[in-house]
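Close look at the chain arrangement
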Amino acid sequence: MNIFQLLDNSARRYGTIGAVYRGGDLILGFDRLRERALLLAAKLGRYGRPGDRVMIASKNRPEIIEIMFGIWAAGMVAVPMNAKLHAREMADIAADCSPVLILASPPIARDLGPFFGAMPLIEIGGASYDAMMEGEGGAAADVRPDDLAWLFYTSGTTGRSKGAMLTHRNLMAMTIAHRADFDPVRSGSSLIHAAPMSHGSGLYMLPYIAGGARQVIPASGAFDAADFLELCKVHPRVAAFLAPTMVQRLRLEREASGVVPENLHLIIYGGGPMYVSELRRSLAAFGQNFAQLYGQGEAPMTITGLRREDHATDDESILGSVGWPRSGVEVAVVDADGQALPPGAIGEIICRGDVVMAGYWKNPAATADALRDGWLRTGDMGSFDEKGCLTLRDRSKDVIISGGTNIYPREVEEALLAHPDVAEAAVIGEPDEEWGENVVAYVVAVPGRSIDLTSLDAHCLDRIARFKRPKKYRILPELPKSSYGKVLKRELAEPGTDIPR
Ligand code: AMP
């Protein structure tokens with residue numbers, strides 16, 4: 001079972017119906033997309049064999065779809081890289097996975113030269129790329145479900161980037177779970193790739209190709225809130241994966257511009273915490289058109305989730321949770337010895353099922369650490385309630401231990417964000433001789449407002465236990481974030497960070 005079949009089936013069924021769009025413009029129908037992917041696959045055979053890696057270094061552009069399916073048709077392994085990485089970081093990934101070819105967009109191709117030496121490199125959209133689309137295509141390679149399809153380099157927020165090995169089975173399980181839980185996907189729908197296709201948005205390409213939906217790549221190749229709202233008027237029944245920070249930007253743009261995204265159908269958010277105060281504001285702005293995913297590169301986008309209908313509540317214990325186990329995924333919360341914990345008890349979240357990766361590329365030590373007896377240890381802490389709804393606390397290494405008591409930063413961040421002047425908040429523990437660690441809050445003001453720390457402190461005292469309340473507050477113009485928009489807490493903790501008080 002080759003994941004390429006998803007495109008193969010849709011090409012037969014939907015023929016000339018539009019599959020790929022740049023902004024509002026049709027680029028390819030399903031039949032042409034399949035044809036081009038097979039032509040590319042035939043040419044990739046000149047560079048390597050099934051199982052070999054092909055790297056992609058590009059911001060979002062229409063060709064990425066034919067490239068991904070071309071790589072799978074060739075039985076090879078796609079290694080999409082975050083376009084915002086430094087050429088040196090891309091070279092590190094190449095050294096790790098030794099690709100037979102790299103396909104790069106023109107600006108990145110120029111930067112890569114000095115770092116990649118003699119490695120074959122083709123500029124996407126250039127003459128050599130066009131030449132790959134000539135001649136005859138063949139049939140798709142026959143692969144086994146456990147063969148690798150995607151080497152998914154983790155964002156590295158917790159250290160060096162590792163290559164999660166995703167198989168055809170993993171990607172199929174993720175595709176089926178999305179259609180079962182969040183969106184059945186029918187022809188006449190669209191997926192806007194607003195977030196990087198090298199990561200979450202690229203994974204969602206699969207259920208939407210399988211369902212005969214349009215893939216829409218914004219003309220700029222990047223997320224722009226105003227452009228996104230306009231695209232929601234042009235394309236039918238729009239779905240998109242957005243990181244929580246992007247949801248906030250979209251909501252602010254919607255409020256400021258008054259533009260109504262008429263065809264917005266589903267915003268799938270996740271990959272980082274969505275705070276309850278923001279979720280409520282976004283629900284008010286866009287209606288009940290949301291689904292939340294909790295997942296990791298290691299179990300691509302699929303551990304637990306909140307479905308659209310789960311959002312029809314004001315219950316904070318649900319809106320602040322990560323929801324229920326996804327279809328085909330078993331989830332448990334365990335103690336340090338791996339024993340399952342009862343509802344209410346906080347422990348490490350583990351999961352198993354067909355979505356769980358095969359391991360980390362060439363890294364047996366990290367693999368043995370992450371995969372035990374078929375279970376993936378997520379490194380996230382959480383607890384179930386009586387109804388089986390999971391609340392994520394924090395990654396185990398982010399938990400603050402002050403005076404021997406565990407304090408979960410997320411809870412303090414939720415309290416801070418409920419203050420009308422606070423736009424962003426991140427809470428960390430800072431070493432302290434007496435307490436072990438102290439709670440320190442970094443906050444960013446809502447544009448045009450200023451934060452009064454006395455009022456913020458009183459607000460926290462009103463909402464959370466005294467011992468959880470930040471001992472220090474620091475106001476920053478913005479929080480340090482990774483290129484995927486995740487807050488980099490370790491940079492907040494670094495000595496020498498410029499901290500205006
Ligand atoms: P990555 O592998 O880079 O996508 O990061 C995965 C991590 O992001 C998870 O282990 C969680 O710590 C965090 N994460 C993912 N989804 C959510 C969510 N819905 N809410 C809070 N944190 C999340």
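Conventions we followed
- Residues numbered from 1 in each chain as written.
- Predicted model: local features only at pLDDT ≥ 70, side-chain atom pairs only at ≥ 80, totals over all residues.
- Heavy atoms only, no water.
- Buried < 20%, exposed > 50% of the residue type's maximum accessible area, 1.4 Å probe, protein only.
- Helix = DSSP H or I, 4+ residues; strand = E, 2+ residues; numbered from the N terminus.
- Pairing = 2+ DSSP bridges.
- Right-handed = clockwise from strand over helix to strand, strands pointing away.
- Arc of directions from axis to C-beta.
- Contact = heavy atoms within 4.5 Å.
- Near = heavy atom within 4 Å.
- Polar contact = N/O pair within 3.5 Å; in protein donor to acceptor, adjacent residues only side chain to side chain.
- Areas by Shrake-Rupley, 256 points an atom, 1.4 Å probe, with all protein chains shown as cover.
- Core = buried A, V, L, I, M, F, W, Y, C linked by side-chain atoms within 4.5 Å.
- Phe/Tyr/Trp six-rings, centres within 6.5 Å; stacked < 30°, edge-to-face > 60°.
- pLDDT = per-residue confidence, 0-100.
- Axes fitted to C-alpha atoms, helices over the stretch in contact; angles between N-to-C directions.
- Salt bridge = Lys/Arg side-chain N within 4 Å of Asp/Glu carboxyl O.
- Parallel < 35°, antiparallel > 145°, perpendicular 65-115°, else oblique.
- Left-handed = near helix turned anticlockwise from the far one by under 90°.
- Nonpolar A, V, L, I, M, F, W, Y, C, P; charged D, E, K, R; others polar.

**What to know about the pairing of strand β5 (residues 101–104)**
- Along β5, one buried face is formed by L101 and L103 and the opposite face, lined by I102 and A104, is buried too.
- One ladder, built from four bridges, connects strand β3 (residues 53–57) with β5; its direction is parallel. From the neighbouring strand, I56 faces β5, where its bridge partner is L103.
- When β5 meets strand β6 (residues 121–123), the two strands line up parallel, connected through three bridges. Across the sheet, L103 pairs through a bridge with I122, a residue of β6.
- In this view, the connection linking β5 to its parallel neighbour β6 by way of helix α5 (residues 106–116) has right-handed handedness.

**Topic: helix α4 (residues 87–97)**
- When we look at burial in α4, the residues that qualify are A87, M90, A91, I93, A94 and C97. Summarising the axial view, the buried residues of α4 lie within an arc of 160 degrees, below the 170-degree limit, and thus occupy one face. The exposed set on the far side of α4, more than 90 degrees from its buried face, consists of R88 and A95.
- The inward-facing, buried residues of α4 abut β3, β4 (77–81), α5 and β7 (148–153).
- Residue S98 follows α4 closely and has a positive phi angle near 35 degrees.

**Focus: the site of the ligand**
- Around the ligand, the surrounding shell holds 18 residues, and the nearest of these are Q292, L293, D380, R395 and K486.
- Between the ligand and G297, the relevant distance is 3.0 Å, taken from an oxygen atom to a main-chain nitrogen or oxygen of the residue.
- Between an oxygen atom of the ligand and a side-chain N or O atom of D380, the distance comes to 2.6 Å.
- The fraction of the free accessible surface of the ligand (500 Å²) that becomes covered by protein chains is 90%.
- When residues of the shell around the ligand are traced back to their parent elements, those giving at least two are β13 (290–296) and β20 (390–395).
- The element that contributes the greatest number of residues to the shell around the ligand is β13, accounting for five residues.

**Overview of the nonpolar core**
- Core analysis: the biggest nonpolar cluster contains 117 residues, and F69, W72, F228 and L242 have the highest contact counts within it.
- Other than its neighbours up to four places away in sequence, L242 contacts A194, F223, F228, V247, L250, I267, I268, Y269 and G270.
- M55, A104, I108 and L151 belong to the second largest nonpolar core, which has 22 residues in total.

**Regarding helix α15 (residues 453–463)**
- Of the positions making up α15, those classed as buried are L456, D457, H459 and C460. Taken down its axis, α15 places every buried residue within 160 degrees of arc, on the same side. Away from its buried face, by an angle of more than 90 degrees, α15 presents the exposed residues T454 and D462.
- Each element contacted by the buried residues of α15 is listed here: α14 (409–417), β23 (422–432), β24 (436–445) and β25 (472–475).

**Details of the packing of aromatic side chains**
- Applying the stated criterion across every chain yields a total of nine aromatic pairs.
- A centroid spacing of 6.4 Å and a plane angle of 65 degrees characterise the contact between F4 and F69, whose relative ring orientation is edge-to-face. Note that F4 is positioned in the segment before α1 (5–14) and F69 in helix α3 (residues 63–73), a separation of 65 residues in sequence. Note on accessibility: F4 and F69 belong to one class, buried.

**Re the pairing of β23**
- Of all eleven residues in β23, nine are buried; the element is thus mostly enclosed.
- Both β23 and β24 contribute to a ladder of ten bridges, which runs antiparallel. Bridging from a neighbouring strand, D432 pairs with G436 of β24.

**So, the confidence of the model for the chain**
- Considering every residue of the chain, the mean pLDDT works out to 93; 97% of them sit at 70 or more.
- Scored below 50 in pLDDT, residues 496–501 shows eleven contacts in the model against residues more than four places distant or in partner chains.

**Quick look at the sheet that holds β24**
- An order of β23-β24-β25 is seen for the three strands of this open sheet, with the pairing classed as mixed. Edge positions in the open sheet fall to β23 and β25, since each of these has one partner strand only. Across the sheet, the mean angle separating the axes of adjacent strands is 25 degrees when strand polarity is ignored.
- In terms of strand pairing, β24 meets β25 through four bridges, oriented parallel. Note on β25: the bridge partner recorded for V440 is K472.
- Strands β23, β24 and β25 of the sheet are contacted by α15, whose axis makes an angle of about 130 degrees with β25.

**Quick look at the side chain of R36**
- The topology assignment puts R36 in helix α2 (residues 30–44).
- Here E66 takes part through its side chain, which lies 2.8 Å from a polar atom of the side chain of R36.
- With residues near it in sequence (within four places) discarded, R36 still touches L28, E66, Y129 and M133.

**Describing the pattern of salt bridges**
- According to the stated counting rule, one finds 26 salt bridges in the structure shown.
- A salt bridge links E255 to R251; its shortest N-O distance comes to 3.0 Å. Of this pair, E255 and R251 both sit in helix α10 (residues 244–257), separated by four residues, roughly a single helical turn.
- For R352, the salt bridge goes to E330, with nearest N and O atoms at 2.8 Å. Residue R352 is located in strand β17 (residues 347–353), and its partner E330 is located in strand β16 (residues 329–334); the two are separated by 22 residues in the primary sequence.
- Residue classification places R352 among the partly exposed residues on the basis of a relative accessible area of 33%.

**Comments concerning the packing of helix α9 (residues 225–234) against α10**
- Two elements in contact, α9 and α10, have axes separated by 9 Å at closest approach and are oriented at 75 degrees. Judged by the inter-axis angle, α9 sits roughly perpendicular to α10. Between α9 and α10, the residues in contact are A225, A226, F228 and L229 and R249, L250, E253, R254 and S257, respectively.

**Notes on the packing of helix α7 (residues 168–181) against helix α8 (residues 200–210)**
- Taken N-terminus to C-terminus, the directions of α7 and α8 make an angle of 65 degrees; their axes are 9 Å apart at the nearest point. Handedness of the α7/α8 crossing: right-handed. Along its contact with α7, which presents L171, M174, T175, H178 and R179, the element α8 presents L203, Y204, L206, P207, Y208 and A210.
- Partitioned by chemical class, the residues of the contact of α7 with α8 number eight nonpolar, two polar and one charged.

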